Amino acid sequence: MSSNRIQWLNAGDPPQAFPSIHAAMTEPDGLLAAGGDLSEERLLFAYCHGIFPWYDDGQPILWWSPDPRCVLRPSSLHVSRRLRRTMSKSTAEIVFNADFSAVIRACAEPRRSGQGTWITDDMLAAFEALQRSGWAHSIEVRDGGRLIGGVYGLAIGRMFFGESMFSRVENASKYALVALCRVLEHHDFELLDCQVLSGHLLSLGAVAMPRRDFSGLLEQACDPGTPFAKWPAGPISVSGLLAGAVT
């Protein structure tokens, strides 16, 4: 049952100190707790239990578990005819984990809409640490060596928790998403977690999953809770993705 109060976490509290996700607020949707820290142990526990941090500079760390959850089954990604035509003509390539810091910093840049970013300096440092530990990954789109788009997130067991994406060229983030889904499907991942519903994600094949169902799926998909390391070693052409290339 949801509550109109959130629990405060102290930095010294154990990673599992979160309240039940079913105690999250309904307005704003999914707000569960505040405080704590962004240690590797707390972040990994949070994601494996359907919780993620999302907050602005000047706020305490805010922890969320919205209901419903926006998820995408890798095999259900919708690649429109228009996107296929664009991909077939693209000279760009996909590379994996070549420059994680460049991708997360690009995602942290102000958007053309004028909106700020939720990727604070502390979030940058925390996810760069997760990348060094083998948990966080980047999918990068490069054309002539220039980084033009990408996606980053966490892979735990058979779950990929998407965090953010960016484009400097039209459709570049979609190319990265296609490449990510091809890899996840090839390795039998259950879901790509997209966190919060949006029209853009729904148009790409994402769906709304009740939080209770999402939580139950995580129990199996994140077990064993180990990093994923079977990313393609070399670059893949964007046009080659249309033929299903992932290695």
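Before reading further, recall that the structure is shown in the block above.
A. Structural detail: the nonpolar core. Counting residues in each nonpolar core, the largest one holds 51 residues, and the members touching the most others are Trp 63, Ile 119, Phe 127, Tyr 152, Met 159 and Phe 161. Within the residue set of this core, elements represented by two or more residues are strand 2 (31-35), helix 1 (40-48), strand 4 (62-64), helix 3 (100-108), helix 4 (121-132), strand 8 (146-156), strand 9 (159-167) and helix 7 (211-221). For this core, the leading source of residues is helix 3, giving 6 residues.

B. Structural view of a negative patch on the surface. A surface patch of negative charge is lined by Asp 56, Asp 57, Asp 121 and Asp 122. When its relative accessible area of 53% is taken as the criterion, Asp 122 is described as exposed.

C. Seen up close, the environment of Glu 109. As for its position among the elements, Glu 109 is in the loop between helix 3 and helix 4. Here Glu 109 falls in the partly exposed class, since its relative accessible area comes to 38%.

D. Inspection of the packing of helix 3 against helix 4 at higher detail. Helix 4 packs onto helix 3 with a crossing angle of 150 degrees between their chain directions and a minimal axis gap of 10 Å. When the axes of helix 3 and helix 4 are compared, the pair comes out roughly antiparallel. As helix 3 runs across helix 4, the sense of the crossing is right-handed. Two secondary-structure elements touch here, helix 3 through Phe 100, Ser 101, Ile 104 and Arg 105 and helix 4 through Met 123, Leu 124, Phe 127, Glu 128 and Gln 131.

E. Just the packing of aromatic side chains, in detail. Overall, the coordinates contain 12 aromatic pairs when judged by the stated rule. Here the aromatic rings of Phe 52 and Trp 54 are separated by 6.4 Å at their centres, their planes lie at 40 degrees, and the arrangement is tilted. With a centroid separation of 6.3 Å and an interplanar angle of 80 degrees, the aromatic rings of Phe 160 and Trp 231 are classed as edge-to-face. Of this pair, Phe 160 sits in strand 9 while Trp 231 sits in the loop between helix 7 and strand 12 (236-237); the two residues are 71 residues apart in sequence, bridging distant segments of the chain. Its relative accessible area of 0% is what places Phe 160 among the buried residues. Within the aromatic cluster, the residues linked to one another by ring pairs are Tyr 47, Phe 100, Phe 127, Tyr 152 and Phe 161.

F. Structural view of the pairing of strand 8. Burial analysis of strand 8 places 10 of its 11 residues in the buried class, which makes it a mostly covered element. As defined by bridge partners, strand 7 (residues 136-143) adjoins strand 8 across 8 bridges and the pair is classed as antiparallel. Looking at the pairing, Glu 140 lines up with Gly 150 of strand 8. Between strand 7 and strand 8, which pair antiparallel one after the other, the connecting turn spans 2 residues, and Gly 144 there sits at a positive phi close to 60 degrees. Bridge count between strand 8 and strand 9: 8 bridges; the pairing is antiparallel.

Definitions and cut-offs
Residues numbered from 1 in each chain as written. Predicted model: local features only at pLDDT ≥ 70, side-chain atom pairs only at ≥ 80, totals over all residues. Heavy atoms only, no water. Core = buried A, V, L, I, M, F, W, Y, C linked by side-chain atoms within 4.5 Å. Buried < 20%, exposed > 50% of the residue type's maximum accessible area, 1.4 Å probe, protein only. Helix = DSSP H or I, 4+ residues; strand = E, 2+ residues; numbered from the N terminus. Patch = residues over 30% accessible without salt bridge, like charges linked within 9 Å, V, L, I, M, F, W, Y side chains within 5 Å. Areas by Shrake-Rupley, 256 points an atom, 1.4 Å probe, with all protein chains shown as cover. Salt bridge = Lys/Arg side-chain N within 4 Å of Asp/Glu carboxyl O. Lys, Arg positive; Asp, Glu negative; His and termini not counted. Charge placed at Lys NZ, Arg CZ, Asp CG, Glu CD. Axes fitted to C-alpha atoms, helices over the stretch in contact; angles between N-to-C directions. Parallel < 35°, antiparallel > 145°, perpendicular 65-115°, else oblique. Left-handed = near helix turned anticlockwise from the far one by under 90°. Contact = heavy atoms within 4.5 Å. Phe/Tyr/Trp six-rings, centres within 6.5 Å; stacked < 30°, edge-to-face > 60°. Pairing = 2+ DSSP bridges.

Honestly, that's just the spatial picture; any functional story needs more than this.
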